[in-house]
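Remarks on the overall topology
This is what each chain is made of:
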Amino acid sequence: MAMAMAMRRAAALGARHILAASSTSSSGVLLRRHMSVDAGAAMEKVRAAGLLRTQGLIGGKWVDAYDGKTIEVQNPATGETLANVSCMGSKETSDAIASAHSTFYSWSKLTANERSKALRKWHDLIISHKEELALLMTLEQGKPMKEALGEVTYGASFIEYFAEEAKRIYGDIIPPTLSDRRLLVLKQPVGVVGAVTPWNFPLAMITRKVGPALACGCTVVVKPSEFTPLTALAAADLALQAGIPAGAINVVMGNAPEIGDALLQSTQVRKITFTGSTAVGKKLMAGSANTVKKVSLELGGNAPCIVFDDADIDVAIKGSVSLAAKFRNSGQTCVCANRILVQEGIYEKFASAFIKAVQSLKVGNGLEESTSQGPLINEAAVQKVEKFINDATSKGANIMLGGKRHSLGMSFYEPTVVGNVSNDMLLFREEVFGPVAPLVPFKTEEDAIRMANDTNAGLAAYIFTKSIPRSWRVSEALEYGLVGVNEGIISTEVAPFGGVKQSGLGREGSKYGMDEYLELKYICMGNLN
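Rules behind the numbers
Residues numbered from 1 in each chain as written. Predicted model: local features only at pLDDT ≥ 70, side-chain atom pairs only at ≥ 80, totals over all residues. Heavy atoms only, no water. UniProt positions renumbered as here; feature names shortened; annotations may be inferred. Helix = DSSP H or I, 4+ residues; strand = E, 2+ residues; numbered from the N terminus. Expected span 1.5 Å × (residues − 1). Buried < 20%, exposed > 50% of the residue type's maximum accessible area, 1.4 Å probe, protein only. Polar contact = N/O pair within 3.5 Å; in protein donor to acceptor, adjacent residues only side chain to side chain. Domains from an automatic or database assignment. Contact = heavy atoms within 4.5 Å. Buried area = accessible area lost by both parts, 1.4 Å probe. Salt bridge = Lys/Arg side-chain N within 4 Å of Asp/Glu carboxyl O. Nonpolar A, V, L, I, M, F, W, Y, C, P; charged D, E, K, R; others polar. Pairing = 2+ DSSP bridges. Axes fitted to C-alpha atoms, helices over the stretch in contact; angles between N-to-C directions. Phe/Tyr/Trp six-rings, centres within 6.5 Å; stacked < 30°, edge-to-face > 60°. Lys NZ or Arg CZ within 6 Å of the ring centre and 35° of its normal.

As annotated in an unreviewed UniProt entry, the protein is Succinate-semialdehyde dehydrogenase from Oryza glaberrima. The Subunit (unreviewed entry) field of the UniProt record for the protein holds the comment "Homotetramer." What the UniProt record of the protein gives under Subcellular location (unreviewed entry) is the line "Mitochondrion".

If you want it as structure tokens, here you go:
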């Protein structure tokens, strides 16, 4: 019940796409009209490619919600309705689970090579439809096309990687304690997987979970975000085209609490994998205890980015901090630099250079080529940013750049830099998930480490320094699952992704990500002499 209430609150928070106050000037109306034309042309291109799906996928069939209900998917840049998709609940989810459970026995019995070939075909189809998938993602999520194209490539890389890893699931032979025995260890697929994915990376967060699950021989029920189901449905369609059998991938969306409860209560679902907020992750973890499911959770972050006085400021500014590590996806990533800690000796110089770099960011509709920052996902996200800004300024922080809604209206927000942030402010304590860069001065290396670790989160952290000894010392002292040294983009399919403390359990990507979908079986064979 508690889990359901939490998911209802989360769904309600984002489901209200309340339109922000926008300019009523003629130029503003023309701009929005121009956006609408572009969006219409983009939707036509997606539709012509056969990738616009609005029904759920159960057992290889596209199905409406059993009660006929639908939900609107809106473009956050314009407020326009892109499509009405099936609003599913517990009954549809139960059927999807049954389909996945039935298909598991045949899919898991295929050879690793056969599964690998199907995954490789899926990868190739994603790449061949890269532009259409990116358009769809920009339309329903808002990120600039350049970022959307990058996500398609990034998402496809997980399918390609795990297609290869499927053939490298090795067991073990243990030297026996008695001469007439042989001791074997097998790795076998865990079974049906419930994958709950977020809106900020609507393709990559699916492929990063479904890729290893299918490679291991598991089958999957995917529950994408209600804000961005179209990308998930398009990806699932391509999986079917690639020859991944009916029932191996199922997609249900709509009533988040009902779908979540059905996944948790089912004894046929043997694993839950989730990317999203820490609050919902805790509820899913608690709900999984009743049936003792395996759980992997990639939860919220509060990433520190530490700029030491010996850092190359150009590297810190141009290479990572202002563009890649902070303002990518309008600050709506779990590994965004949430707190930029700058050593006192270079604080003023860094702040000046940082502001200059941020001023070059172009805010606009993601379909426009010049756009480097799109809208936030919805009105609730904007209100959260405003709450954090008001809290910071009331406690002594100063707005160095931006600090208000953008003149474009809707859910656009100005790229913002806030100076002299302290640890009693929400900007320091919690994840803002918006285009706000808090600058925090510090004195010593020890101060920086203490401030960086002063949080329950532990996902990503960044360091900028020219000192190799310092990079080792600080990297090892930081209580985070991911650390970037002189680099702001650190995610890759070949490395383990995940956090410590309340940022989650388990790892995704790399060979370590395969273990999350496997069980160990020990076999003792006796009387062999």
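**A few points about helix α13 (residues 379–394)**
Here α13 spans 22 Å end to end across 16 residues, near enough to the 22 Å set by a 1.5 Å rise per residue. Residues of α13 that are buried: Glu379, Ala380, Ala381, Val382, Val385, Phe388, Ile389, Asp391 and Ala392. Residue Asn378 occupies the N-cap position of α13, its side-chain oxygen lying 3.3 Å from the main-chain nitrogen of Ala380. One or two steps after α13, the chain reaches Gly396, where phi turns positive at roughly 110°.

**Some remarks on the domain arrangement of the protein**
Per the domain assignment, the segments making up the protein are domain 1 (48–298) and domain 2 (303–480). The gap between the C-alpha centroids of domain 1 and domain 2 is 32 Å. Contacts between the two partners involve 20 residues from domain 1, matched on the other side by 22 residues from domain 2. Buried surface at the junction of domain 1 and domain 2, both sides included, amounts to about 1700 Å², of which 62% is carbon and sulfur. Three residues, Pro76, Ala77 and Trp199, lead the burial of domain 1 against domain 2; their summed loss comes to 27% of the area buried on that side. Linking domain 1 with domain 2 are zero salt bridges. Applying the counting rule to domain 1 against domain 2 returns six residue pairs in polar contact (both at pLDDT 80 or more). In terms of residue count, the dominant contributor to the side of domain 1 that touches domain 2 is helix α5 (residues 130–141) (five residues). For the side of domain 1 that touches domain 2, the residue count by class is nine nonpolar, six polar and five charged.

**Considering the sheet that holds strand β15 (residues 416–419)**
Spatially, β14-β15-β16-β13-β12-β17-β18 is the arrangement adopted by the seven strands of the open sheet, whose pairing is mixed. Two strands bound the open sheet, and with one partner strand each, they are β14 (398–401) and β18 (482–485). For this sheet the average axis-to-axis angle between neighbouring strands, irrespective of direction, equals 25°. Note that β14 and β15 share three bridges and pair antiparallel. Bridge pairing links Leu401 to Val417 in β15.

**Things to note about the environment of Gly458**
Within the element layout of this structure, Gly458 appears in the loop between α15 (445–453) and β17 (460–464). With 78 residues separating them in the primary sequence, Gly458 and Ala380 have C-alpha atoms 25 Å apart. Residue contacts for Gly458: discarding those within four places in its chain leaves Glu479, Tyr480, Gly481, Gly499, Val500, Lys501 and Ser503.

**A word on the UniProt feature "active site" (unreviewed entry) in the protein**
According to UniProt, the "active site" (unreviewed entry) feature falls on Glu298. As for its placement among the helices and strands, Glu298 is situated in strand β11 (residues 294–298). A relative accessible area of 2% places Glu298 in the buried class. The residues touching Glu298, leaving out its near neighbours within four places in the chain, are Met205, Arg208, Phe274, Thr275, Gly276, Cys334, Leu459, Phe497 and Ser503. Within polar-contact distance, the side chain of Glu298 engages the side chain of Arg208 at 3.0 Å.

**Some words on the pattern of salt bridges**
Using the criterion set out here, one finds 23 salt bridges in the structure. We note a salt bridge from Glu160 to Arg120, for which the minimum N-O separation is 2.7 Å. Remark: Arg120 occurs in helix α4 (residues 112–128) and Glu160 occurs in helix α6 (residues 145–165); sequence separation between them is 40 residues. Connected through shared salt-bridge partners, Arg208, Lys209, Glu298 and Glu508 make up one network.

**Focus: the pairing of strand β6 (residues 182–189)**
Across three bridges, the pairing between strand β5 (residues 172–174) and β6 is antiparallel. Paired with Ile174 across the two strands is Leu183, which belongs to β6. Of the strand pairs in this sheet, β6 and strand β20 (residues 518–525) are connected by eight bridges, and their pairing is antiparallel. Bridged to Leu184 within β20 is Ile523.

**Topic: the sheet that holds β6**
The sheet built from three strands is open, its strands ordered β5-β6-β20 with antiparallel pairing. Every other strand in the sheet has two partners, leaving β5 and β20 as the edge strands with one partner each. Averaged over all adjacent pairs, the angle separating strand axes in this sheet is 25°, with direction ignored.

**Examining the side chain of Ser296**
Note that Ser296 resides in strand β11. Under the relative-accessibility criterion, Ser296 is labelled buried at 4%. Side chain to side chain, Ser296 and Thr273 meet in a polar contact 3.3 Å long. Dropping the residues within four chain positions of it, Ser296 is found in contact with Lys271, Ile272, Thr273, Phe274, Leu505 and Glu516.

**What to know about the side chain of Asn453**
Of note, Asn453 is situated in helix α15. When residues no more than four places from it in sequence are discounted, the contact partners of Asn453 are Ala477, Leu478, Glu479, Tyr480 and Lys501.

**Here we look at the packing of aromatic side chains**
Under the counting rule described, the total for this entry stands at six aromatic pairs. Seen from their ring centres, Phe350 and Phe354 are 5.5 Å apart, and the 25° between their planes marks the pair as stacked. Note that Phe350 and Phe354 are positioned in helix α12 (residues 347–359) at a spacing of four residues, about one turn of the helix. For Phe350, a relative accessible area of 0% translates into the label buried. The buried category is assigned to Phe354, whose relative accessible area is 0%. It is Lys271 that lies over the ring of Tyr517; its NZ or CZ is 5.0 Å from the centre. The side chain of Arg339 reaches across the aromatic face of Phe428, ending 4.8 Å from its centre.

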